[in-house]
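So the chains spell out like this:
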Amino acid sequence: MSADDRIGSRAAEASSLVASLIARARDAQRQYERCNQEQVDEAVLAAGWAIIEPTRNRTLAEMAVRETGLGNVEDKVLKNHRKTLGLLRDLRGIRTVGVIAEDPARGLIEIARPAGVVAAITPSTNPGATPANKIINALKGRNSIVLAPSPKGLGTCSTLVDYVRTALAQLELPADLVQHIPAPVTKDATLELMRQADLVVATGSQNNVRAAYSSGTPAFGVGAGNAASIIDVSADLDDAARAIVSSKCFDNATSCSSENSVVVLDAVYDRALAALTAAGGVLLDAEEKRTLQAAMWPQGKLSSAVIAQPAHRIAELAKLSRGQLASARFLMVEETGTGADCPFSGEKLSPVLTVYR
């Protein structure tokens, strides 16, 4: 078989697999669309409890770290709980069935309509919390959902989906409202899912987000995060350092909202650095910074070996031998520029904080 034939065969297999998932999802969604607001909200709560329930939450957190090698268990337990509970809080009382708004002055009535089948692309950095978030949002809008997890996080996603499907069945709702691409999760199947669904929600790499936006299907994408904090002269420096470090180190910086840089006003620069150091940071010198950069971006691309690893492990990978680094909570590098020539200015997905004066 020629290379072109093999490519065509893989594409045909992916199309057939996805068509089967979509057909089941459409059938389930048509049934679910007839539910009233109370039934929808019950389904949403059931999906949330599927991950928040403490025993299941810990199982998913442990599985995520074991499968992916990213982050740490205790922070994932907190993340699974807090992200899900926060979303449930935000959705509470929001109407998504029937008439959801009226404007008598303009003679307008707003009526909610489901999108249909949602394709959800999820990353290895958050294989439990992100799928749960997308499932809950889809169900709130009376949609069905088919997940395309990162291959690294397939086991975690599959276990979560099983929990949710069981919960839906207990409510006498069709379990096929929530499905995922089975192993192996291939690029062909993921692309085909985006083409055949009614709406795409993509979280992860820039490649995934670009693919979602070019799939021909309406899409929402969340790609790289690059949050910056600013410390000015009014700041409580110790409190600011604690807050920044808490966010930067949480789950080894797997969240897109994790600080990637801190911009410090000159008047408080030295004292702010001292506060960040007291909170567990180690400031690298110029030579150490060059060594770390070479290890983190060996081919000009962020190395997967450093993503979501603890600071001491990243120092080991970079062969940085200073004694302080063994107990560092995070690493700091000073920077003056931005853009492609200054990779520390971008997202690092690791406990490495870039400092600007």
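Placed above this text is the structure.
Structural notes, computed from the coordinates. (Residues numbered from 1 in each chain as written. Predicted model: local features only at pLDDT ≥ 70, side-chain atom pairs only at ≥ 80, totals over all residues. Heavy atoms only, no water.)

Vacant regions in the atomic arrangement are exposed by a probe of water-molecule size rolled over the atoms. Enumeration over the complete set of coordinates arrives at three cavities of 30 Å³ or more. Taken as a whole, the largest cavity spans an internal volume of roughly 50 Å³. Considering the residues around the largest cavity, the lining is formed by Leu60, Ala61, Ala64, Lys76, Lys79, Asn80, Thr125, Asn126, Pro127, Gly128 and Ala129. Looking at the lining of the largest cavity, the elements that each hand over two or more residues are helix 3 (54-68) and helix 4 (73-91). (1 Å grid on protein atoms, 1.4 Å probe; cavity = no way out; pocket = protein on both sides within 12 Å on 5 of 7 lines; lining within 4 Å. Points joined across faces, edges and corners; volume = space filled by probe spheres on them. Helix = DSSP H or I, 4+ residues; strand = E, 2+ residues; numbered from the N terminus.)

One open sheet accounts for five strands, arranged 8-9-12-11-10; its pairing is parallel. Only two strands of the sheet have a single neighbouring strand rather than two, namely strand 8 (227-231) and strand 10 (281-283). Direction aside, neighbouring strands of the sheet carry axes that sit 30 degrees apart on average. Of the strand pairs in this sheet, strand 8 and strand 9 (residues 259-264) are connected by five bridges, and their pairing is parallel. Pairing of isoleucine 231 across the sheet is with valine 264, part of strand 9. Most of the contacts of helix 9 (residues 237-249) go to strand 9, to which it runs at about 160 degrees, and overall it touches strand 8, strand 9, strand 11 (330-334) and strand 12 (352-356). Against the sheet, helix 11 (residues 286-296) engages strand 10, strand 11 and strand 12, with an angle of about 115 degrees to strand 11. (Pairing = 2+ DSSP bridges. Axes fitted to C-alpha atoms, helices over the stretch in contact; angles between N-to-C directions. Contact = heavy atoms within 4.5 Å.)

Take the sheet that holds strand 7 (residues 219-222) next. With parallel pairing, the five strands of this open sheet are ordered in space as 5-4-3-6-7. A strand with exactly one partner marks an edge of an open sheet, and here the two such strands are strand 5 (178-180) and strand 7. Recorded for the sheet is a direction-independent mean angle of 15 degrees between the axes of neighbouring strands.

On to the environment of serine 15, then. In this structure, serine 15 sits in helix 1 (residues 3-32). For the pair serine 15 and arginine 195, spaced 180 residues apart in sequence, the C-alpha separation works out to 9.6 Å. Residue contacts for serine 15: discarding those within four places in its chain leaves Glu192 and Gln196.

What follows covers the environment of valine 185. Tracing the sequence through the fold places valine 185 in the loop between strand 5 and helix 7 (187-196). Overall, valine 185 belongs to the buried group, its relative accessible area being 12%. Sequence-wise, valine 185 and proline 149 are 36 residues apart; in three dimensions their C-alpha atoms are separated by 7.3 Å. With residues up to four places along the chain from it excluded, the contact list for valine 185 reads Pro149, Pro151, Leu154 and Thr190. (Buried < 20%, exposed > 50% of the residue type's maximum accessible area, 1.4 Å probe, protein only.)

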